[in-house]
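# Geometric and topological summary
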Amino acid sequence: MKEKGRTVIATNRKARYNYAILDTYEAGIALLGTEVKSLRDGKASLVDAFATVDDGEIWLRALHIPEYGSGSWTNHAPRRNRKLLLHRREIDNLIGKIRDGNLTLVPLSMYFSDGKVKVELALARGKQAHDKRQDIAKRTAQREVAREIGRRVKGM
């Protein structure tokens, strides 16, 4: 029986803090059998992962999927490079944008979608320290406003 819906395996929580997200893409990923089994156990880390363009193909690098516990000599290397599966039109679009500006490809999350492993890939620009401080100040101000509205509603 196939599972339906979206089950998140791993997220890159630092990505939205360190990068300004311009656009997102959903990509398939070419995996080995033991990698999928390890992902079904909910084990993966996107912490240092990034994507590069090599010879017209997009590769996900530094993604850590630990070896499958019940695997034998057929187990995979935990940090091997994995090919991302996108339409040619999307790949050409990404290559053009990356070549033009100071942009990078960052994986935001990894999830099962109808039984297939997908990666949410973001076209992003690195943030400077002052941008990060502005985001923190904005988030703090919004939190204070929400807190005050809550107090007013309760009549305090």
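These lines cover the structure that appears in this document, whether it is placed above or below. (Residues numbered from 1 in each chain as written. Predicted model: local features only at pLDDT ≥ 70, side-chain atom pairs only at ≥ 80, totals over all residues. Heavy atoms only, no water.)

### A look at the overall build of the chain
When you go through the chain residue by residue, the secondary structure sums to four helices and seven strands. Put simply, the chain runs from its N terminus to its C terminus through helices and strands in the order β-α-β-α-β-β-β-α-β-β-α. Scaling as 2.2 N^0.38, a compact globule of 156 residues should have a C-alpha radius of gyration of about 15 Å, whereas the chain reaches 19 Å, well beyond that. Taking the principal axes of the C-alpha coordinates as reference, the chain spans close to 65 × 40 × 25 Å. Going through the 156 residues of the chain one by one, you find that 31% of them count as buried. (Helix = DSSP H or I, 4+ residues; strand = E, 2+ residues; numbered from the N terminus. Rg over C-alpha atoms; globule rule 2.2 N^0.38 Å. Buried < 20%, exposed > 50% of the residue type's maximum accessible area, 1.4 Å probe, protein only.)

### Considerations on a nonpolar patch on the surface
Together, Val145, Ile149 and Val153 line one region of the surface with nonpolar side chains, adding up to about 310 Å² of accessible area. Among the structural elements, Val153 can be located in helix H4 (residues 129–154). (Patch = residues over 30% accessible without salt bridge, like charges linked within 9 Å, V, L, I, M, F, W, Y side chains within 5 Å. Areas by Shrake-Rupley, 256 points an atom, 1.4 Å probe, with all protein chains shown as cover. Salt bridge = Lys/Arg side-chain N within 4 Å of Asp/Glu carboxyl O.)

### Side note on the packing of aromatic side chains
Two aromatic rings are characterised by how far apart their centres lie and by the angle between their planes. Taken as a whole and assessed by the stated rule, the structure comprises zero aromatic pairs. Directly above the aromatic system of Tyr111 lies the positively charged group of Arg6, at a separation of 3.7 Å from the ring centroid. (Phe/Tyr/Trp six-rings, centres within 6.5 Å; stacked < 30°, edge-to-face > 60°. Lys NZ or Arg CZ within 6 Å of the ring centre and 35° of its normal.)

### Concerning the environment of Arg82
Assignment of secondary structure puts Arg82 in strand S5 (residues 82–85). Residue class for Arg82 comes out buried when judged on its relative accessible area of 0%. It is 6.2 Å that separates the C-alpha atoms of Arg82 and Ala30, two residues lying 52 residues apart in sequence. Residues contacting Arg82, with those up to four places away along its chain left out, are Ile29, Ala30, Leu31, Glu35, Ile58, Trp59, Leu60, Leu63, Ile65, His76 and Ala77. A distance of 3.0 Å separates a polar atom in the side chain of Arg82 from the backbone oxygen of Leu63. (Contact = heavy atoms within 4.5 Å. Polar contact = N/O pair within 3.5 Å; in protein donor to acceptor, adjacent residues only side chain to side chain.)

### Examining the pattern of salt bridges
Between side chains of opposite charge, a pair can form when the charged atoms approach closely. With the rule as written, the count across this model stands at eleven salt bridges. The salt bridge partner of Asp54 is Arg61, with a shortest N-O separation of 2.1 Å. Residue classification places Asp54 among the partly exposed positions, given a relative accessible area of 30%. Arg61 gets classed as buried once you look at its relative accessible area, which sits at 18%. Members of the salt-bridge network, linked through shared partners, are Glu35, Arg80 and Arg82.

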